[in-house]
Structures are given as structure tokens and as C-alpha cells.
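Descriptive analysis of the structure
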Amino acid sequence: MPLYEYYCPRCETRFELLRPMSRSDDPAACPNGHDRAQRVLSVFSAVSKGAGGETASIGGGSACNTCTSSSCSTCSLV
Ligand SMILES: [Zn+2]
């Protein structure tokens, strides 16, 4: 059985649980008895990679802080 990591927002506890893959996305009970703990996705690195890529493309597209088109009156001052 695979080991999954869960996070309980009520007591802010992370814990691991052995579960069948078919139930990996079900809400889990944390060690303190709360039953709405959410699975912590192990694909976190992939998510942050995607977000970082978007941020990089937005930030790299314009040096201006007030627009995204690089063609406002403030852009020429940057
Ligand atoms: Zn809890």
C-alpha cells in the first residue's frame, strides 16, 4: 500500500497514512481526531514549477511595474 501525506488545517498537523491508491484523495482523519485532513500532493514540485514558469514569463515580459504591455507612459522611465 502506498504511503500518502495529509495535512489537517484544524490542528495544522502533517501526518502520513498508508492507503489504497483508490482512496488516496479521500479526506482522512488526523491523529487528533479531525476528519477533514486533505492529502498533500506529492506533485508539489511540479505545481511550483508551473507557477514559477508563469511568474517568470510575466515578470520577464515587462520591466514596468504599472502595466504588462511595456508601452505605457511609465515604461519609458524604467
Ligand atoms: Zn487535526
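Preceding this paragraph is the structure being described.
Residues numbered from 1 in each chain as written. Predicted model: local features only at pLDDT ≥ 70, side-chain atom pairs only at ≥ 80, totals over all residues. Heavy atoms only, no water.

Observations concerning the side chain of Ser-24
Topologically, Ser-24 is positioned in the loop between strand 2 (13-18) and strand 3 (38-40). Not counting chain neighbours up to four residues away, the residues in contact with Ser-24 comprise Tyr-4, Tyr-6, Arg-19 and Arg-39. (Helix = DSSP H or I, 4+ residues; strand = E, 2+ residues; numbered from the N terminus. Contact = heavy atoms within 4.5 Å.)

Some words on the sheet that holds strand 2
Taken in spatial order, the three strands line up as 2-1-3 in an open sheet, and their pairing is antiparallel. Only two strands of the sheet have a single neighbouring strand rather than two, namely strand 2 and strand 3. Across the sheet, the mean angle separating the axes of adjacent strands is 45 degrees when strand polarity is ignored. With three bridges joining them, strand 1 (residues 3-8) and strand 3 adopt antiparallel strand pairing. Bridging across to strand 3, Glu-5 finds its partner in Val-40. (Pairing = 2+ DSSP bridges. Axes fitted to C-alpha atoms, helices over the stretch in contact; angles between N-to-C directions.)

A look at the coordination of the zinc ion
Summarising the metal site, the zinc ion is bound by the protein donors Cys-8 (SG), Cys-11 (SG), Cys-30 (SG) and His-34 (ND1), whose distances to it range over 2.0 to 2.3 Å. Geometry at the zinc ion is tetrahedral, judged from the four donor atoms that bind it and their angles of 107 to 114 degrees at the metal. Read N to C, the donor residues that coordinate the zinc ion are spaced as C-x2-C-x18-C-x3-H. Taken together, the residues span a long stretch of sequence, with Cys-11 in the loop between strand 1 and strand 2 and Cys-30 in the loop between strand 2 and strand 3 at a distance of 19 residues. Judged by relative accessible area, which is 24%, Cys-11 ranks as partly exposed. (Donors = N, O, S within 2.8 Å, 3.2 Å for Na, K, Ca; no water. Tetrahedral: all angles 85-135°; square planar, octahedral: opposite > 155°, others 65-115°. Buried < 20%, exposed > 50% of the residue type's maximum accessible area, 1.4 Å probe, protein only.)

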